[in-house]
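Residues per chain, in single letters:
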Amino acid sequence: MPSDGIGAPVFPAAQEAGGAHRMQVVGISASVVVGTLLLVALWALRRRLHARELELERKAQELAVSRAAEQRLCEELAEARRAEEEARRAREEAVTASRSKSAFLANMSHELRTPLNSILGFAQLVERDPSLADRHRENLAVICKSGEHLLGLVNDILEMAKIEAGRMTLVDAEFDLHDTLSGLSEMFAVEAQKRGLTLRVERAQDVPRHVHGDEGKLRQVLINLLGNALKFTPRGSVTLRASARRATGAHDGAAAGRVRVSFEVTDTGRGMAKAELAELFEAFAQTATGRQSREGTGLGLHISRRIVRMMGGDIRVESQVGRGTTLRFDVRLSLAEAPDARAGGATPRALRAVGLSPGQPRYRVLVVDDRWDVRHCLLKLLDSVRVEARSATNGLGAVAQWETWAPHLVLLDLRMPLLDGYEAASRIKASARGHETVVVAMTASAFEQNRALAAEAGCDDFVSKPFRDADILGLLTKHLGARFEYEERAAEPGAAQGAPAVDLARAAAGLPAALRKDLRRAATRLDAKAVQATLDRFRPEDADLAGAVAELARGYRFDSILALSSADEEEPS
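Parameters at a glance
Residues numbered from 1 in each chain as written. Predicted model: local features only at pLDDT ≥ 70, side-chain atom pairs only at ≥ 80, totals over all residues. Heavy atoms only, no water. Helix = DSSP H or I, 4+ residues; strand = E, 2+ residues; numbered from the N terminus. Expected span 1.5 Å × (residues − 1). Bend = angle between axes of the 7 residues up to and from the residue. Buried < 20%, exposed > 50% of the residue type's maximum accessible area, 1.4 Å probe, protein only. Polar contact = N/O pair within 3.5 Å; in protein donor to acceptor, adjacent residues only side chain to side chain. Salt bridge = Lys/Arg side-chain N within 4 Å of Asp/Glu carboxyl O. Pairing = 2+ DSSP bridges. Axes fitted to C-alpha atoms, helices over the stretch in contact; angles between N-to-C directions. Contact = heavy atoms within 4.5 Å.

Remarks on helix 4 (residues 177–194)
Right, so step 1: Taking 1.5 Å of rise per residue, 18 residues should cover 26 Å, and helix 4 covers 27 Å from first to last C-alpha, within 8% of that figure.
Right, so step 2: The largest bend along helix 4 measures about 40 degrees and falls at phenylalanine 188.
Right, so step 3: Residues of helix 4 that are buried: Leu177, His178, Asp179, Thr180, Leu181, Gly183, Leu184, Phe188, Ala189, Val190, Glu191 and Ala192.
Right, so step 4: By the N-cap criterion, in which a side-chain oxygen at the helix start approaches the backbone nitrogen of a residue two or three places on, helix 4 is capped by aspartate 176, the distance to histidine 178 being 3.0 Å.
Right, so step 5: Following helix 4 by one or two positions, glycine 196 adopts a phi angle in the positive range, close to 75 degrees.

Below, the structure is given as structure tokens:
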């Protein structure tokens with residue numbers, strides 16, 4: 001074919017050109033694909049790098065947070081270490097302060113109680129003189145009462161300190177509960193009479209006589225409650241009631257042989273508002289009446305409640321303004337057998353020993369104390385009841401006297417120079433003969449821990465200063481079986497029963513209003529001359545009342561005069 005012949009030479013060339021073009025296109029497409037793939041790969045790599053950067057940034061932040069937390073933890077640990085160190089130093093300082101306080105209280109107790117022991121002891125010695133005039137007995141009664149009052153204040157402060165230090169403990173011993181109640185009646189009879197009040201002490205028949213318990217602390221509570229009642233009762237009466245409920249099994253937390261004794265002190269005084277009752281037992285707290293009287297420390301009721309709670313009870317109070325106050329509490333005591341014939345039964349407080357009963361050995365007692373006044377007082381007391389006595393001034397002298405004289409009983413002070421009482425007791429009790437000698441520790445310290453230390457040293461008993469005649473003679477009866485003859489003691493001057501006090505209050509209320517007003521004004525000004533002038537105006541009509549009020553004025557008892565002269569204004573509405 002001519003056409004084929006003509007075009008034949010051209011076709012191969014065209015074919016070659018098309019093939020080259022296709023190859024070029026294919027090359028371009030491959031480049032595009034490779035480039036695209038590279039871009040995709042780069043984009044993916046970039047995303048991964050970005051993600052990695054974010055991860056690293058996140059971990060860096062977490063690390064920063066962790067480091068900050070670690071820094072805070074280190075700071076907290078350092079703060080805890082500082083706080084622990086400060087707490088340790090504070091504990092050491094507290095322990096040091098507590099030891100210093102205890103040492104101070106022990107020294108103060110000794111320094112205060114020792115002279116009080118001499119004051120009360122020699123007053124009792126003088127009182128034993130049968131030839132003593134009544135006016136001197138009256139002066140001695142004032143000295144003893146003032147000494148007892150001062151001792152009470154000292155005891156309150158020391159008891160508060162012992163409560164704070166956790167050192168107040170109960171001292172269990174046998175005592176006569178009936179005698180305790182009778183003694184309280186005698187103690188407050190004169191005060192009640194001077195204030196024109198009726199004092200009643202009522203004891204139920206079920207109250208046991210011989211019990212085991214802490215007589216000293218029970219008396220402390222009752223003295224505080226009775227003292228407050230008399231102090232804040234301008235007229236009327238104060239009554240102490242005692243009753244008992246014996247345990248028959250393990251109910252009420254008490255085993256058989258124990259008894260729960262309840263006490264109630266009721267007065268017809270001014271009373272208290274409900275708002276005052278909430279803080280009545282707080283330390284150093286006083287009611288409005290107490291603040292007005294400017295008497296007391298505000299510690300008595302706080303200490304009394306703590307003591308009663310230690311004895312297994314609590315104090316409850318009921319009061320109404322203008323109608324008086326009633327305080328009730330109960331304590332757990334153990335029943336005790338009646339003392340045997342050797343002790344001669346209970347000795348009334350109104351009797352004083354004048355000597356040993358016939359048919360007894362000549363007892364020998366060694367008195368050991370570094371103070372002359374204490375030794376002299378005890379030697380005089382023992383001599384007055386015909387007990388042979390010698391003395392020593394320190395522990396070395398005590399051991400030497402014991403070896404050569406062989407006393408039956410040693411009264412041994414615990415704080416002495418050269419050789420203290422603890423070591424002296426240990427040396428005496430170290431031998432077989434020493435076990436037959438009764439060693440009684442004496443101390444003016446306030447802390448009962450001395451009792452335990454004295455027992456560890458071998459002491460058989462313990463007596464606290466200031467002590468009374470009955471305390472020392474009771475030791476001879478308890479440990480040696482000594483029996484004494486007693487002589488009726490002269491009645492307390494001015495002691496009176498409740499009836500004359502009631503008559504005094506009624507007589508004062510019967511005075512004309514003008515006289516009562518003048519008497520009240522004179523008592524308010526503390527003007528004894530004005531009181532006497534007012535008395536002279538009604539002395540011819542009522543000499544007994546005038547004499548009684550004059551006695552109050554001589555004793556500076558203007559508070560009692562004010563109470564009598566204000567009787568008509570104190571009636572509750």
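What to know about the pattern of salt bridges
Right, so step 1: The full count for this structure, using the stated rule, is 23 salt bridges.
Right, so step 2: Residue glutamate 92 pairs with arginine 88 through a salt bridge whose shortest N-O separation is 2.5 Å. Taken as a pair, glutamate 92 and arginine 88 lie in helix 2 (residues 11–127) at a separation of four residues, close to a single helical turn.
Right, so step 3: Given the relative accessible area of 42%, glutamate 92 is considered partly exposed.
Right, so step 4: Of the charged contacts, one joins arginine 537 and aspartate 518 as a salt bridge, the two residues approaching to 2.6 Å between their closest N and O atoms. One end of the pair, arginine 537, is in helix 16 (residues 528–538); the other, aspartate 518, is in helix 15 (residues 513–524), with 19 residues separating them in the sequence.
Right, so step 5: Here arginine 537 falls in the partly exposed class, since its relative accessible area comes to 46%.
Right, so step 6: Judged by relative accessible area, which is 23%, aspartate 518 ranks as partly exposed.
Right, so step 7: Look at the salt bridges and you will find they share partners, linking Glu202, Arg241, Glu264, Glu318 and Arg328 into a network.

A closer look at the pairing of strand 6 (residues 315–320)
Right, so step 1: With six bridges joining them, strand 6 and strand 7 (residues 324–335) adopt antiparallel strand pairing. Looking at the pairing, glutamine 320 lines up with glycine 324 of strand 7.
Right, so step 2: From the end of strand 6 to the start of strand 7, which pair antiparallel, there are three residues, and glycine 322 there has a positive phi angle of about 85 degrees.

Section: the sheet that holds strand 11 (residues 409–413)
Right, so step 1: What the five strands build is an open sheet, ordered 10-9-11-12-13; its pairing is parallel. At either margin of the open sheet sits one strand with a lone partner, and together these are strand 10 (388–392) and strand 13 (461–464). Across the sheet, the mean angle from the axis of one strand to that of its neighbour is 20 degrees, orientation sign disregarded.
Right, so step 2: The pairing of strand 12 (residues 438–443) with strand 13 spans four bridges and is parallel. The partner of valine 440 across the bridge, within strand 13, is aspartate 461.
Right, so step 3: Packed onto the sheet, helix 9 (residues 372–384) meets strand 9 (364–368), strand 10, strand 11 and strand 12 and runs at close to 170 degrees relative to strand 10.
Right, so step 4: Against the sheet, helix 11 (residues 421–429) makes contact with strand 11 and strand 12, and its axis sits at roughly 155 degrees relative to strand 11, the strand it touches most.

The quantities given are spatial measurements derived from coordinates; they are silent on function.
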